[in-house]
Amino acid sequence: MSRKQKAKSPTPGASKSARDSRASTPDSSTWPSAGASGVDDQDELETTEGSDELSRLIANNVERFDIADFPYTLRPGLTDMASSYFQPAYKRDFTALALKPDHENLPMWIDGWGKIILENFHWQAPRVQDFLITVAEPTSRPTFMHEYKLTIHSLYAAVSVGLSPKDVVTTLERFSKNGLPPNIAQFITECGRSYGKVKLVLRNTKYFLETTDKALLQQLLRDPEISVCRVQGTEATRTSAPTMAGLTIAGTKEAAGGEARGLYSLLNDDDDDADDGDATHAFEIKDDKVSAVAARCLALHYPALEEYDFRNDNVNPDLEIDLRPATQIRSYQERCLSKMFGNGRAKSGIIVLPCGAGKTLVGITAACTIKKGIVVLATGSMSAIQWRDEFIKWTNIDPSSISIFSSDQKTPFTGATGVIVTTYSMVTNTRNRAHDSAKMMEFLASREWGLMLLDEVHVVPAQMFRRVIGSIKAHSKLGLTATLLREDKKIDDLNYLIGPKLYEANWMELSQQGHIARVQCAEVWCPMPTEFYDAYLHASPRSRTLFCAMNPRKFQACQYLIKYHESWGDKIIVFSDNVYALEVYARRMMKPFLYGGTSLSERQEVLNYFCNSPDCSTLFLSKIGDTSLDLTEATVLIQVSAQYGSRRQEAQRLGRVLRAKRRNEEGFNAFFYSLVSKDTVEMVYSSKRQVFLVDQGYAFRVITQLKNIEKTPDLAFATPEARRELLQKMLVESESSSWKKEEEKEAAGLLADGNMFYSRGGKPGRKGPRAPRRTAGTLGELSGGQDMAYVEQNKSANKLLKGKKKAPQNDFFRAMAREKDRRKKL
DNA sequence: CAGGGCACAG
DNA sequence: TGGTCTGTGCCCTG
């Protein structure tokens, strides 16, 4: 395949940073040497340059297999004269996709752009569903029609669970109503030629590069970069591919081999299985060169799949861990695990399950299957504690061999091996460490781990967090998440950082089976009173969000909904990202509220109160509720203000009510309300946020008028006077809570120009030190000593006097300076 | 040992 | 040279 000049075609999925660095690559033909240069100095420490290098390699790979390189061409003469006038419409021209005679018996279509449509109501649909999840990316799965897309990542995942490109092509061909477009077949074959060919296997602490393709083996051996990494004289050929035989995943009903066959049952009746060379060729690689080889394989467009032959690992000590006999894992969890252990080895990859569907148990079961040292990475210390508790709850592990490594607990386990639960920031921390935590890190880095469990894996692509991959030696990695989504494009990097997506559950299906709660979603449109709308229109974009959140009609709607649901005995959570609005709402309604500033003990107290007391059925939460608060009591969720268009946040919030304890009651329904100020930016954001959930099959109902709201007694802000008062109060309070007095005066005058809430007056954009938290009023605040410009100048003047180099005032420059320092040290 | 400082994520 | 705010975690200090 000739590489096209890609300048014009945007690469789907290439991260921004990757694209930037690619721009500096003069010519794609230089990649082999460029790929190698960064690798060596990356060896033991994952530096920033190292990960940039990685991003570049990833981008290179993604770019090579752009589906646009396999253009779909219509048969000549089929297009009519008119269609050329509707340019974008040519993509919708399916005239060349002739229906098969027996199309009524077949459940899906596939077009020339890799899009697959499945009739989910078709009697054949259940047969292909599992197959499609494996080979294609589910993009939208409402009730009746499912939409999938073939991408390189999905095909990568497919080959990694053991499907051959040929299998994929024949199966697609067999089940589609129309013939498989030739360019798609070509695309699949081409991807298969490269992906999944090379495996990096660890056997008995020795790393082997393994392939079934003899020619490829020769090519790898000849490669100058790789040949220096290999241990001479270790080429070996084994006659049979690894199988699932004899491996049982704990907690499953039967030997997992049976389940695995279920997946392939579609294929086996053809032929295959025996002919495409069961012999695997392998050679050993030096231990310290593993990452170099992996990077090199990526550069050669043969990304190496990491596999861990844990049953033949006799060097790392076994861990005494088993699921408690009573635990039975659910069918979909079993399916996840059968993908992971498909050929009897542990593969690295990502499993996507909705919140509350038992991600933790999947991770724990995987741990029980591998039975080696386990590292669990969690996002926060709270969730680390939860992981430990879950381990103890589900398994018979000796509590002394499981330990937490976070800032407040640093004791390693005592035995030969065990489970360590830690946080991302603990591992990635680059600054000076406390003595014992440094020792602990050394411990973590010095030994080999059987499995690394990455909780909330969607955070890993962040610049800092991706270091964990480099600094801990784990033979297999399992990422768990509910929302494999980021608003930036870095999510695709996970394919190479961790592994392909092994399984993605269907939310609707799970909720039909009663594993997660049924949810009614609604978007409530709240009109803005004229005086507010007026102020809103004149406000700067920044303060507009506050106006939206503080819309009195929204407040009334919220009040109404709370009253309504409280009368039904529901437990309600109200989310507001805007802390100021949160406080006003909660105080006004006399309800407890939690935000980042509330102390840990207070949080616990409030949560207990909410969960256990019947007098308290409503709780107000800021962003802290998005993650890691376990609120199984909640059944209704009201969203007052949110973070722009973050789909992840929306999904995660919905997840709060999915695990409702009462979900199995007859006819139980959870509710999710999103309050939106009419005719404001919120409308746009709201629709963006919902995309993910809509794709999962949730229907959002739009409510423009709440029934009998005007007849409800005691609504706040019912009169224009009250609303005006609110407007005034908003002004004064939001000013005085953060900013100094002088600016209050200015701000009052700034009403017309809309800068009133978060402007600091003076020079716009001068970044001062962060304003103190509202909980902790400082003396300086009281004395009005917060003149930003003054403080700022003084600070830098002090720095100068001290003889240090002038500290940059901006985050960006500070980061640059830090980076420079770090490099100097290395 | 609580809270400020700092760094980072989203 | 520029997005802002909020939340979280870790380290250090009074």
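Criteria and thresholds
- Residues numbered from 1 in each chain as written.
- Chains lettered and ligands numbered in written order.
- Predicted model: local features only at pLDDT ≥ 70, side-chain atom pairs only at ≥ 80, totals over all residues.
- Heavy atoms only, no water.
- pLDDT = per-residue confidence, 0-100.
- Contact = heavy atoms within 4.5 Å.
- Axes fitted to C-alpha atoms, helices over the stretch in contact; angles between N-to-C directions.
- Helix = DSSP H or I, 4+ residues; strand = E, 2+ residues; numbered from the N terminus.
- Parallel < 35°, antiparallel > 145°, perpendicular 65-115°, else oblique.
- Left-handed = near helix turned anticlockwise from the far one by under 90°.
- Nonpolar A, V, L, I, M, F, W, Y, C, P; charged D, E, K, R; others polar.
- Salt bridge = Lys/Arg side-chain N within 4 Å of Asp/Glu carboxyl O.
- Buried < 20%, exposed > 50% of the residue type's maximum accessible area, 1.4 Å probe, protein only.
- Pairing = 2+ DSSP bridges.
- 1 Å grid on protein atoms, 1.4 Å probe; cavity = no way out; pocket = protein on both sides within 12 Å on 5 of 7 lines; lining within 4 Å.
- Points joined across faces, edges and corners; volume = space filled by probe spheres on them.
- Phe/Tyr/Trp six-rings, centres within 6.5 Å; stacked < 30°, edge-to-face > 60°.
- Core = buried A, V, L, I, M, F, W, Y, C linked by side-chain atoms within 4.5 Å.
- Domains from an automatic or database assignment.
- Patch = residues over 30% accessible without salt bridge, like charges linked within 9 Å, V, L, I, M, F, W, Y side chains within 5 Å.
- Areas by Shrake-Rupley, 256 points an atom, 1.4 Å probe, with all protein chains shown as cover.

- Within an unreviewed UniProt entry, the label attached to chain A reads P-loop containing nucleoside triphosphate hydrolase protein, and the organism entered is Chaetomium tenue.

1. Some points on the confidence of the model for chain A
Now for step 1: Looking at chain A as a whole, its pLDDT mean stands at 75, while 74% of the residues score no less than 70.
Now for step 2: Taken as a whole, residues 255-277 scores under 50 in pLDDT and shows 35 contacts with residues more than four places along the chain or in a different chain.
Now for step 3: Low pLDDT, under 50, characterises residues 736-809; the predicted model gives this stretch 82 contacts beyond four residues in sequence or across chains.

2. Regarding the packing of helix α12 (residues 331-340) against helix α13 (residues 359-370)
Now for step 1: Two numbers describe how α12 lies on α13: the axes approach to 10 Å, and their chain directions differ by 40°. When the interaxial angle is binned, α12 and α13 end up oblique. Viewed along their axes, α12 and α13 form a crossing whose handedness is right-handed. Every residue of α13 that contacts α12 at Q333, C336, L337 and M340 is listed here: L361, V362, T365 and A366.
Now for step 2: Classifying every residue of the contact of α12 with α13 by side-chain character gives six nonpolar, two polar and no charged.

3. Points about the pattern of salt bridges
A side chain with one charge may pair with a side chain of the opposite charge, provided their charged atoms come close.
Now for step 1: Under the counting rule described, the total for this entry stands at 26 salt bridges.
Now for step 2: Put simply, D309 and R345 hold a salt bridge, and the shortest N to O gap is 4.0 Å. Of this pair, D309 sits in the loop between β9 (305-308) and α12 while R345 sits in the loop between α12 and β10 (346-347), placing them 36 residues apart in sequence. As far as burial versus exposure is concerned, D309 and R345 are alike and both buried.

4. What about the sheet that holds strand β11 (residues 349-352)?
Now for step 1: Across the sheet, which stays open at both edges, the seven strands sit in the order β13-β14-β12-β15-β16-β11-β17 with parallel pairing between neighbours. Since the sheet does not close on itself, it has two edges, and those belong to β13 (402-405) and β17 (501-504), each with one partner. Along the sheet, successive strands turn relative to each other by an average axial angle of 20°, direction set aside.
Now for step 2: Two strands pair when backbone bridges link them, and β11 and β17 are joined in this way by three bridges, in the parallel orientation. Looking across to β17, one finds that I351 is bridged to Y503.
Now for step 3: Strands β11, β15 (448-454), β16 (473-481) and β17 of the sheet are contacted by α12, whose axis makes an angle of about 165° with β17.

5. Quick word on empty space enclosed by the protein
Now for step 1: This model, assessed by the stated rule, comprises four cavities of 30 Å³ or more.
Now for step 2: Quantified by volume, the largest cavity comes out at close to 60 Å³.
Now for step 3: Surrounding the largest cavity, I152, L155, Y156, V159, L163, S164, P165, V168, I188, C191, G192 and Y195 form its lining.
Now for step 4: Only α5 (152-160), α6 (165-175) and α7 (182-194) provide two or more residues apiece to the lining of the largest cavity.
Now for step 5: The greatest single-element share of the lining of the largest cavity, amounting to four residues, is contributed by α5.
Now for step 6: Here the lining of the largest cavity is composed, by residue class, of 10 nonpolar, two polar and no charged.

6. Some points on the pairing of β11
Now for step 1: Across the two faces of β11 the burial is the same, with G349 and I351 and I350 and V352 all buried.
Now for step 2: Where β11 and β16 come together, four bridges link them in parallel fashion. Bridge pairing in β16 places I351 opposite L480.

7. Let's talk about the packing of aromatic side chains
Now for step 1: With the rule as written, the count across this model stands at 20 aromatic pairs.
Now for step 2: Each ring, one from W387 and one from F391, has its centre 6.3 Å from the other, and the planes form 40°; the classification is tilted. A residue pair is termed a helical-turn pair when its members lie 3 or 4 positions apart in one helix, as W387 and F391 do in helix α14 (residues 381-394) at four residues.
Now for step 3: Their ring planes at 75° and their centres at 5.0 Å tell us that F555 and F717 sit as a pair that is edge-to-face.

8. What about the nonpolar core?
Now for step 1: Core analysis: the biggest nonpolar cluster contains 96 residues, and F341, F391 and Y698 have the highest contact counts within it.
Now for step 2: Among the domains, domain 2 (315-505) and domain 3 (517-752) are the pair contributing at least three residues each to this core.
Now for step 3: Among the nonpolar cores identified, the runner-up in size contains 45 residues, and A557, L561, V584 and F593 belong to it.

9. Notes on a nonpolar patch on the surface
Now for step 1: Residues L99, W109, F121, F144 and M145 make up a contiguous nonpolar surface patch of roughly 520 Å² in combined accessible area.
Now for step 2: Mapping F144 onto the fold places it in the loop between β3 (137-140) and β4 (145-149).
Now for step 3: In this structure F144 comes out as exposed when scored by relative accessible area, which is 55%.

10. What about the sheet that holds strand β24 (residues 700-703)?
Now for step 1: The sheet built from seven strands is open, its strands ordered β20-β21-β19-β22-β23-β18-β24 with parallel pairing. If you trace the sheet from one side to the other, it starts and ends with β20 (593-594) and β24, each paired once.
Now for step 2: Alignment of strand β18 (residues 519-526) against β24, held across four bridges, turns out to be parallel. By the bridge assignment, E523 is partnered in β24 with V702.
Now for step 3: Relative to the sheet, helix α24 (residues 600-612) contacts β19 (572-576), β20 and β21 (618-621), its axis offset from that of β21 by approximately 145°.
Now for step 4: Contacts from helix α25 (residues 647-658) reach β18, β19, β22 (636-641), β23 (670-677) and β24, with the element oriented near 155° to β22.

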